[in-house]
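An overview of the molecular structure
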Amino acid sequence: TAHEITLLYFGAAWCNISRPFSQQLKSYYEEINLENKKLEIIYVSMDKFAEEYDAGAKDMPWVGIPVNDPRVADLKEFYNIRSVPTLLLIDRRGE
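Residues numbered from 1 in each chain as written. Predicted model: local features only at pLDDT ≥ 70, side-chain atom pairs only at ≥ 80, totals over all residues. Heavy atoms only, no water.

Examining the overall build of the protein
Counting its regular elements, the protein contains three helices and four strands. Counting from the amino terminus, the protein carries its helices and strands in the arrangement β-α-β-α-β-α-β. For 95 residues, the compact-globule estimate of 2.2 N^0.38 gives 12 Å, and the C-alpha radius of gyration of the protein, at 13 Å, lies within 12% of that figure. On the principal axes, the C-alpha backbone points of the protein span a range of 35 × 25 × 20 Å. A total of 95 residues make up the protein; the buried ones form 39% of that total. A separation of at least 24 residues holds for 63% of the contacts in the protein among residues at least 6 apart in sequence. Total accessible area on the protein is roughly 6200 Å²; 54% of this is exposed by carbon and sulfur atoms. (Helix = DSSP H or I, 4+ residues; strand = E, 2+ residues; numbered from the N terminus. Rg over C-alpha atoms; globule rule 2.2 N^0.38 Å. Buried < 20%, exposed > 50% of the residue type's maximum accessible area, 1.4 Å probe, protein only. Contact = heavy atoms within 4.5 Å. Areas by Shrake-Rupley, 256 points an atom, 1.4 Å probe, with all protein chains shown as cover.)

Describing unusual backbone geometry
Note the cis peptide between Val84 and Pro85, where omega equals -5 degrees. Inspection of the secondary structure assignment puts Pro85 in the loop between α3 (70-78) and β4 (86-90). Phi at Asn80 is positive, roughly 55 degrees, even though this residue is not glycine. Tracing the backbone shows Asn80 in the loop between α3 and β4.

What to know about the pairing of strand β1 (residues 5-11)
If a strand is regular, its side chains alternate between the two faces of the sheet. β1 sits mainly inside the fold: six of its seven residues count as buried. Strand direction decides the pairing type here: β1 and strand β2 (residues 39-45), joined by seven bridges, are parallel. Across the sheet, the residue bridging to Leu8 is Ile42, located in β2. With five bridges joining them, β1 and β4 adopt antiparallel strand pairing. Considered in β4, the bridge of Tyr9 is made with Leu87. (Pairing = 2+ DSSP bridges.)

A word on the sheet that holds strand β3 (residues 63-65)
Judged by pairing direction, the sheet is mixed, and its four strands sit side by side in the order β3-β2-β1-β4 without closing on themselves. Strand pairing shows two members of the sheet lacking a second neighbour, β3 and β4, which therefore form its edges. The mean inter-strand angle of the sheet, taken between neighbouring strand axes irrespective of direction, is 25 degrees. (Axes fitted to C-alpha atoms, helices over the stretch in contact; angles between N-to-C directions.)

Next comes the structure, spelled out in structure tokens:
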């Protein structure tokens, strides 16, 4: 891939911590990718309803995995996610 760093961001619109964290992360994402794309973030929605995801995702400049996508449950289990927000740095093998 063209980017150097991949982060998995587990968050939710209903979470009082995720909302301001998303804004800070967005600023960092835009700054680090200003000249060259160095960082990719994959947002893994832990929202309960599609409307929550849609409301939060419209302001995100990165890729998102929406509510009810089977990959959400798989990633949550694989990485043992217990709370949001959780940010994981992963390598090219997904570890």
